[in-house]
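So you can see what is in the structure, the chains are spelled out below.
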Amino acid sequence: MLNINDEYYMDLALQMAERSQGQTGINPVVGAVVVKDGAVVGLGSHLRRGTPHAEVHALNMAGGLAEGSTVYVTLEPCSHYGLTPPCSERLIRDKVMRVVVACEDPNPQVAGRGIRMLRENGIQVDVGILRDRALGMNKPFIKFITTALPYVTIKTASTLDGKIASKTGDSKWISNEAARDIVHTMRHRYQAIMVGVGTILADDPQLTTRLPVPGFSPVRIIVDSTLRIPASAKVLNDDAAPTVLLTTDKADPGKSQALKERGVEILTCGSGPRVDLALALSQLGKREISSILVEGGGRLNGSLLQQKLVDEVVMFFAPKLIGGLESTGSFIFEGYYLMGDAVHLTNLEVEQMGDNVCIKGTPVWPEASKEGSNITG
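In this text, all values refer to a predicted model and were calculated from it rather than measured experimentally.

Asks: Please explain the sheet that holds strand E10 (residues 265-268) as it appears in this structure.
Replies: Two modes of strand pairing occur in sheets, parallel and antiparallel, and in both the strands are linked by backbone hydrogen bonds. Read from one edge of the open sheet, nine strands run E10-E9-E8-E7-E11-E6-E12-E14-E13, paired in mixed fashion. The two strands at the open ends of the sheet, each matched to only one other strand, are E10 and strand E13 (344-353). Mean inter-strand twist for the sheet, computed between neighbouring axes without regard to direction, equals 20 degrees. In this structure, strand E6 (residues 151-159) lies alongside strand E11 (residues 291-294), joined through four bridges in parallel fashion. Bridge pairing in E11 links isoleucine 154 to valine 294. On the sheet, helix H10 (residues 277-286) packs against E6, strand E7 (192-196), strand E8 (219-223), strand E9 (243-247), E10 and E11 and is oriented at approximately 130 degrees with respect to E10.

Now the structure itself:
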């Protein structure tokens, strides 16, 4: 049984925040709980960019009971005017007694000012309760707000011998149904999904979110240096989600114009022969895409990894062995000379789903590792 303490209420606030993952665009997910005389009197979460923040929803629910209360919030209350008024001012106006903050806001427009504003107005502020959980929940926001670049996660599903397709290209299905359901939940939580044109040519996927309940479908990003994508591709023939093609100036201008006329966005990323992935991520960041789930083939995965453009790796393993000298692997790139130069995954999370295992981690590149080549679709 959980003790009723600051962690107890902050855990509730974090649960409120978690439920809105995928809905807030470039904004963070935030939860808030108002407690008065030992009872929860207000709950709230940030639901959508440009709408009231979590603290406002929770204070509105609390009404007059907000005065003298303790408010638990997963991210430092904002102190600036953006699309909505500052939450710090609202907390002061409602005369709350204490604010418990999980973590400071890395946004340069806030960065401690919200906490200072509260303290200067006589409100007790305590910071750091369940900080790591709160930071982990907003990794895409933190990277985007501090670098203007999207948070990149590579997702793969492979056999135990590291193959993502047979020697004939067959890949349906490597993972089990439970693992595939989780992938659709992941798609709901990312702003964009990225694949190489090879995946389009081989599988013709829809790249949409398919869940038992309505979910968000991410922007579909295709890495295609010469615009080989066929006009019949499913991603070009539905309105389930926007489609963006990353290409080079080697692409046929006529085909580029024809695609634009069909509503496809074309981003030219370098002079070729391959898409400059670093430049592509910069351009996507300017388009306010703050998180990308990569579900590409081995070459796209390998190029992103070797260029150190990956923030997280999620690998699903099925208890199958397929072999084959021509079978595609999860990561295809030049590779390293020594085992000591290998990319390590840290902050590991391991979960079993039936007979599948999911391993999630943060890649770390030893300083001695050789820089890789730019291998893309």
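Asks: It is not clear to me how helix H9 (residues 253-261) should be interpreted in this structure. Could you clarify?
Replies: Note that an α-helix has 3.6 residues per turn; residues three or four places apart therefore point the same way. Measuring from the backbone nitrogen of glycine 254 back to the side-chain oxygen at the start of H9 gives 2.8 Å, which picks out aspartate 252 as the cap. At the C-terminal side of H9, glycine 263 shows a positive phi close to 90 degrees.

Asks: I would appreciate a short explanation of the sheet that holds strand E3 (residues 70-73) in the present structure.
Replies: Overall, mixed pairing links the five strands, which are arranged E2-E1-E3-E4-E5 in an open sheet. Each having just a single partner strand, strand E2 (39-45) and strand E5 (124-127) make up the two edges of the open sheet. Between one strand and the next, the sheet's axes are offset by a mean angle of 15 degrees, whatever the strand orientation. Pairing geometry for E3 and strand E4 (residues 98-101), over four bridges, is parallel. Bridged to valine 73 within E4 is valine 101.

Asks: Help me out: how do you make sense of helix H11 (residues 298-306) in this one?
Replies: Extensive coverage of H11 is indicated by the burial of eight of its nine residues. Residues Gly298, Leu300, Asn301, Gly302, Ser303, Leu304, Leu305 and Gln306 constitute the buried set of H11. Where H11 is buried, its residues touch E6, E7, E8, H10 and E11. Count one or two residues on from H11 and you reach lysine 308, which has phi positive near 60 degrees.

Asks: Mind showing me how you'd approach the pattern of salt bridges here?
Replies: Here the idea is simple: oppositely charged side chains can pair when their charged atoms come close. Considering all chains together, one arrives at 14 salt bridges under this definition. Between lysine 155 and glutamate 295 there is a salt bridge, and its shortest N-O distance comes to 3.4 Å. Within this pair, whereas lysine 155 is found in strand E6, its partner glutamate 295 is found in the loop between E11 and H11, the two being separated by 140 residues in sequence. For lysine 155, a relative accessible area of 12% corresponds to the buried category. Each of the salt bridges in this network shares a partner with another, and the network as a whole consists of Asp6, Arg98 and Asp126.

Asks: Honestly, unusual backbone geometry in this entry has me stumped. Any pointers?
Replies: Only a minority of non-glycine residues have a phi that is not negative, and only a minority of peptide bonds are not trans. The residue after lysine 172, namely tryptophan 173, is reached through a cis peptide bond having omega -5 degrees. Despite not being glycine, aspartate 204 shows a phi value in the positive range, around 45 degrees. With respect to the element layout, aspartate 204 can be found in the loop between helix H8 (197-203) and E8. Positioned with a positive phi, glutamate 288 is a non-glycine residue whose angle comes to about 65 degrees. Along the polypeptide, glutamate 288 turns up in the loop between H10 and E11. With relative accessibility at 34%, the residue glutamate 288 sits in the partly exposed group.

What counts, and at which threshold
Residues numbered from 1 in each chain as written. Predicted model: local features only at pLDDT ≥ 70, side-chain atom pairs only at ≥ 80, totals over all residues. Heavy atoms only, no water. Pairing = 2+ DSSP bridges. Helix = DSSP H or I, 4+ residues; strand = E, 2+ residues; numbered from the N terminus. Axes fitted to C-alpha atoms, helices over the stretch in contact; angles between N-to-C directions. Contact = heavy atoms within 4.5 Å. Polar contact = N/O pair within 3.5 Å; in protein donor to acceptor, adjacent residues only side chain to side chain. Buried < 20%, exposed > 50% of the residue type's maximum accessible area, 1.4 Å probe, protein only. Salt bridge = Lys/Arg side-chain N within 4 Å of Asp/Glu carboxyl O.

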